[in-house]
Amino acid sequence: MQMPTLTARTDPQHRLAVVEVTGPLTTSDHARALAEVCAGSPAGYGLITQLSAVTSINDTGLDALKSVAACSARRGQRVAFVCSELMLRADLVLSDLDTLAPVV
């Protein structure tokens, strides 16, 4: 089974944490890994989750993204999801992720 690659970096000048997901986002293991990486972003930083390299997503992956948005909101952290792939962005919007955080 393929695992996603999660890459995290911070930009202290702009107080941003960026998490890039490459590969599938389809299992509970993938969801837990994403949640752990996002929860490890520095307090007071905004969170950008880059999803343009996601190869497949299902309801488990969409729920994981909603969980990231909810967790970030509880921490007082602003979050945005970035996706350049039109079909994936449509899935994100159809799942109502855009009601929790911007999907751009």
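Right above here is the structure, for reference.
Residues numbered from 1 in each chain as written. Predicted model: local features only at pLDDT ≥ 70, side-chain atom pairs only at ≥ 80, totals over all residues. Heavy atoms only, no water.

Participant: Help me understand helix 2 (residues 59–74), please; the structure alone is not making it clear to me.
Facilitator: Every α-helix winds through 3.6 residues per turn, so residues three or four apart in the chain are directed the same way. With 16 residues, helix 2 should reach 22 Å at 1.5 Å per residue; the first-to-last C-alpha distance of 22 Å fits that figure. Among the residues making up helix 2, those that are buried are Gly61, Leu62, Ala64, Leu65, Val68, Ala69 and Ser72. All buried residues of helix 2 project into a common sector of 155° when viewed along the axis, lining one side. Opposite the buried face of helix 2, by more than 90 degrees, sit the exposed residues Asp59, Ala73 and Arg74. Packing partners of the buried residues in helix 2 comprise strand 2 (16–25), helix 1 (28–39), strand 3 (46–57), strand 4 (79–82) and helix 3 (86–94). Two to three positions downstream of the cap, the backbone nitrogen of Thr60 sits 3.0 Å from a side-chain oxygen, assigning the N-cap of helix 2 to Asn58. Note on helix 2: the residue one or two positions beyond its end, Gly76, has a positive phi of about 75°. (Helix = DSSP H or I, 4+ residues; strand = E, 2+ residues; numbered from the N terminus. Expected span 1.5 Å × (residues − 1). Buried < 20%, exposed > 50% of the residue type's maximum accessible area, 1.4 Å probe, protein only. Arc of directions from axis to C-beta. Contact = heavy atoms within 4.5 Å. Polar contact = N/O pair within 3.5 Å; in protein donor to acceptor, adjacent residues only side chain to side chain.)

Participant: What am I meant to see in the side chain of Thr49 here?
Facilitator: With respect to the element layout, Thr49 can be found in strand 3. The exposure class of Thr49 is buried, given its relative accessible area of 1%. Beyond its immediate stretch of four places on either side in the chain, Thr49 contacts Val19, Cys38, Val68, Val79, Ala80, Phe81 and Val82.

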